[in-house]
Amino acid sequence: MKPDLFQAPDYYNLDDLLTDEHKLVRESARAWVKREVSPIIEEYAQKAEFPKQIIKGLGEIGGFGPYIPVEYGGAGLDQISYGLIMQEIERGDSGVRSTSSVQSSLVMYPIWKYGNEEQRMKYLPKLATGEYMGCFGLTEPDHGSDPGSMITNFKDMGDHYLLNGAKMWISNAPFADIAVVWAKNEEGRIHGLIVERGMEGFTTPETHNKWSLRASATGELIFDNVKVPKENLLPNKSGLGAPLGCLDSARYGIAWGAIGAAMDCYDTALRYAKERIQFGKPIGGTQLQQKKLAEMITEITKAQLLTWRLGVLRNEGKATTAQISMAKRNNVDMAIHIAREARQMLGGMGITGEYSIMRHMMNLESVITYEGTHDIHLLITGMDVTGIPAFKS
């Protein structure tokens, strides 16, 4: 096993914009990734298995709901701290970051924001430590980019709700203890329901044969006349805006996380370029390779500035959905291009598990699609600047 020699690039001295707390949070997460994730992640990706033994550590570094208030078990950190944690975790692996951000932004966030006090106290402290793991049920087999057309539904049966339907491409589903599920009531209004493992008729078959996010557990959520207690309905927000609010938080985390993957690919390519000798000198001394490296660090720096500013806006409560959408699309696109260029720089070695680049590249093929595809995010920006929605044209 090769040692993790990662050194984070900071070409514009962005550390000067961070507080001591930000840097401490980041260094704690970085050290944990080097110690607990890097040594094992290639093996787990090769065998397509999520390393469940890291769950406790994810909780300890603030990987689960770092911005959730302390009274509910969270760390009470700000949005930049959350972003930095996601950056460091995805530097290790996008699948591990998926587990973390689903738990944080798609499970803990809606319970905190849309739930009542009883629900917060029942679930959030255990989710914060990883004692409970959660998943988020929005995407359906026939309804991805158009979640408002979902057919999963629930009926009021007097003393409980009866839930039917299915969700697909659900991170954490195979081992989740609870699922925050979005479904339509009899009037067609979307609500969130907390479904617990063990409820009769609720199953979570695992999705196999993935070439991407191989170290992340993905599955389906099947609801066959599941009786859900009425106290499991999230009472404080309904409509499509409720799950989309969760996705704002998750997409913000992805914008930071993708930088981590890009930084790892860049750092690997830079080190390799200095060490690999061809035609009597390091390949880093050739114009073509310097062009690649210069473009990589430029794009990473731009993405770092974009997310830092977005973090400030999030802390101030000013960030818009469209701004978050722009950052998610730009940064994932940036990361996947850097991964592809870095792979070429390593030649044949770039496709092996001895280096992280090919794994990052395959992972990013999912990240560029989930929680809003690359094209959908372009349309969100287009609608924002023109005022004209183009989704149905």
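Residues numbered from 1 in each chain as written. Predicted model: local features only at pLDDT ≥ 70, side-chain atom pairs only at ≥ 80, totals over all residues. Heavy atoms only, no water.

Caption draft 1: Fine view of the overall build of the protein chain. Secondary structure assignment for the protein chain yields 11 helices and 9 strands. Relative to the compact-globule value of 21 Å for 393 residues, the protein chain shows a C-alpha radius of gyration of 21 Å, a close match. Its C-alpha atoms put the protein chain at 80 × 45 × 40 Å along the principal axes. Residues counted as buried form 56% of the 393 residues belonging to the protein chain. Long-range pairs, those at least 24 residues apart, make up 75% of the contacts in the protein chain between residues at least 6 apart in sequence. (Helix = DSSP H or I, 4+ residues; strand = E, 2+ residues; numbered from the N terminus. Rg over C-alpha atoms; globule rule 2.2 N^0.38 Å. Buried < 20%, exposed > 50% of the residue type's maximum accessible area, 1.4 Å probe, protein only. Contact = heavy atoms within 4.5 Å.)

Caption draft 2: Molecular detail of the domain arrangement of the protein chain. Examined at the domain level, the protein chain breaks down into domain 1 (14–133), domain 2 (135–238) and domain 3 (241–386). Contact residues are listed per partner, giving 10 residues for domain 2 and 12 residues for domain 3. For the pair domain 2 and domain 3, the summed buried surface comes to about 930 Å²; carbon and sulfur atoms form 75% of the total. Where domain 2 touches domain 3, the interface holds 0 salt bridges. (Domains from an automatic or database assignment. Buried area = accessible area lost by both parts, 1.4 Å probe. Salt bridge = Lys/Arg side-chain N within 4 Å of Asp/Glu carboxyl O.)

Caption draft 3: How the structure looks around the UniProt feature "domain: Acyl-CoA dehydrogenase/oxidase N-terminal" (unreviewed entry) in the protein chain. The UniProt record marks residues 19–131 with the feature "domain: Acyl-CoA dehydrogenase/oxidase N-terminal" (unreviewed entry), using the residue numbering of this structure. Overall, residues 19–131 shows 69% helix and 0% strand. The separation of its end C-alpha atoms is 31 Å. (UniProt positions renumbered as here; feature names shortened; annotations may be inferred.)

Caption draft 4: Broad picture of a nonpolar patch on the surface. A contiguous nonpolar patch, built from Tyr 11, Tyr 12, Leu 17 and Leu 305 and spanning about 450 Å² of accessible area, is present on the exposed surface. Inspection of the secondary structure puts Tyr 12 in the segment before α1 (20–37). (Patch = residues over 30% accessible without salt bridge, like charges linked within 9 Å, V, L, I, M, F, W, Y side chains within 5 Å. Areas by Shrake-Rupley, 256 points an atom, 1.4 Å probe, with all protein chains shown as cover.)

Caption draft 5: Fine view of the side chain of Thr 268. Secondary-structure assignment places Thr 268 in helix α7 (residues 241–275). Note on Thr 268: relative accessible area 11%, which makes it buried. Non-local contacts of Thr 268, meaning those with residues more than four positions away in its chain, are made with Leu 346, Tyr 355, Ser 356 and Ile 357.

Caption draft 6: The arrangement of the nonpolar core in detail. One finds Ile 111, Leu 124, Leu 127 and Trp 182 to be the most contacted residues of the largest nonpolar core, which totals 63 residues. In terms of residues, this core owes the most to one element, helix α5 (residues 94–114), which gives 9 residues. One finds Ala 273, Met 296, Leu 346 and Tyr 355 within the second-largest nonpolar core, a separate group that totals 35 residues. (Core = buried A, V, L, I, M, F, W, Y, C linked by side-chain atoms within 4.5 Å.)

Caption draft 7: Layout of the pattern of salt bridges. Taken as a whole and assessed by the stated rule, the structure comprises 22 salt bridges. One salt bridge connects Lys 230 with Asp 156, and the closest N-O pair in it is separated by 2.9 Å. Of this pair, Lys 230 sits in the loop between β7 (218–229) and α7 while Asp 156 sits in strand β2 (residues 153–156), placing them 74 residues apart in sequence. The partner of Asp 267 in a salt bridge is Arg 271, and the shortest N-O contact between them spans 3.1 Å. Of this pair, Asp 267 and Arg 271 both sit in helix α7, 4 residues apart, roughly one helical turn. Assessed through its relative accessible area of 22%, Arg 271 is described here as partly exposed. Each member of the salt-bridge network shares a partner with another, and the members are Asp 15, Arg 26, Glu 27, Arg 30 and Glu 88.

Caption draft 8: Looking closely at the packing of α7 against helix α9 (residues 321–345). Packing of α7 against α9 leaves a shortest axis separation of 8 Å and a crossing angle of 20°. Relative to α9, α7 is oriented roughly parallel. For the pair α7 and α9, the crossing hand works out as left-handed. Its residues assigned to classes, the contact of α7 with α9 shows 20 nonpolar, 2 polar and 3 charged. (Axes fitted to C-alpha atoms, helices over the stretch in contact; angles between N-to-C directions. Parallel < 35°, antiparallel > 145°, perpendicular 65-115°, else oblique. Left-handed = near helix turned anticlockwise from the far one by under 90°. Nonpolar A, V, L, I, M, F, W, Y, C, P; charged D, E, K, R; others polar.)

Caption draft 9: Fine view of unusual backbone geometry. At Asn 209, a position not held by glycine, the phi torsion is positive, near 65°. Position of Asn 209 among the secondary structure elements: in the loop between β6 (202–203) and β7. One non-glycine residue, Asn 225, lies in the positive phi region at around 55°. Positionally, Asn 225 belongs in strand β7. Judged by its relative accessible area of 43%, Asn 225 is partly exposed.

Caption draft 10: Structural context of helix α8 (residues 287–315). The terminal C-alpha atoms of α8 lie 42 Å apart, and with 29 residues this matches the ideal 42 Å at 1.5 Å per residue to within 8%. Following α8 by one or two positions, Gly 317 has its phi on the positive side, about 70°. (Expected span 1.5 Å × (residues − 1).)

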